[in-house]
Amino acid sequence: TKLKRAVIVFFKDRQRLNEYVACANYHKLGRQKLLLTEDMSAADKEFVISKAATACQITISSAVFGRGTDFFCKDARVQQNG
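### Remarks on the packing of aromatic side chains
One pass over the structure, following the stated rule, counts three aromatic pairs. Ring geometry for Y20 against Y26: centres 6.0 Å apart, planes inclined by 80°, an arrangement best described as edge-to-face. Assessed through its relative accessible area of 22%, Y20 is described here as partly exposed. Given a relative accessible area of 9%, Y26 falls into the buried group. Cluster of aromatic residues (ring-pair linked, three or more members): F11, Y20 and Y26. Taking NZ or CZ as reference, K33 lies 4.8 Å from the ring centre of Y26, over its face.

### Things to note about the environment of T54
With respect to the helices, strands and loops of the structure, T54 is situated in the loop between α3 (42-51) and β3 (58-62). Between the C-alpha atom of T54 and that of D75, which follows or precedes it by 21 residues, the distance is 5.5 Å. For T54, the residues in contact, after removing those within four places along its chain, are R5, A6, D75 and V78.

### Things to note about the nonpolar core
Grouped together as the largest cluster of nonpolar side chains are six residues: F11, L17, V21, Y26, I58 and I60. Setting aside residues up to four positions removed in sequence, V21 forms contacts with Y26, H27 and L35. Among the nonpolar cores identified, the runner-up in size contains five residues, and L36, M40, V48 and F65 belong to it.

Conventions we followed
Residues numbered from 1 in each chain as written. Predicted model: local features only at pLDDT ≥ 70, side-chain atom pairs only at ≥ 80, totals over all residues. Heavy atoms only, no water. Phe/Tyr/Trp six-rings, centres within 6.5 Å; stacked < 30°, edge-to-face > 60°. Buried < 20%, exposed > 50% of the residue type's maximum accessible area, 1.4 Å probe, protein only. Lys NZ or Arg CZ within 6 Å of the ring centre and 35° of its normal. Helix = DSSP H or I, 4+ residues; strand = E, 2+ residues; numbered from the N terminus. Contact = heavy atoms within 4.5 Å. Core = buried A, V, L, I, M, F, W, Y, C linked by side-chain atoms within 4.5 Å.

So this is what it looks like as structure tokens:
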């Protein structure tokens, strides 16, 4: 985004996430997007979670990560821009 914010979007379930990923709007998001899903390896999940709160990052996730997952923001640009 122009304001260098981070965006995390949660979908109700994996099916809805997959439907969105298959649509044209997903591909318009650019290259700064990551998927976070239950079937990823622990190392991949950790990487995506650590990147989720960085400037210009878009994270698309299933709702299972909406509770109990700590998304820490260590990026001063994101903290400054809200």
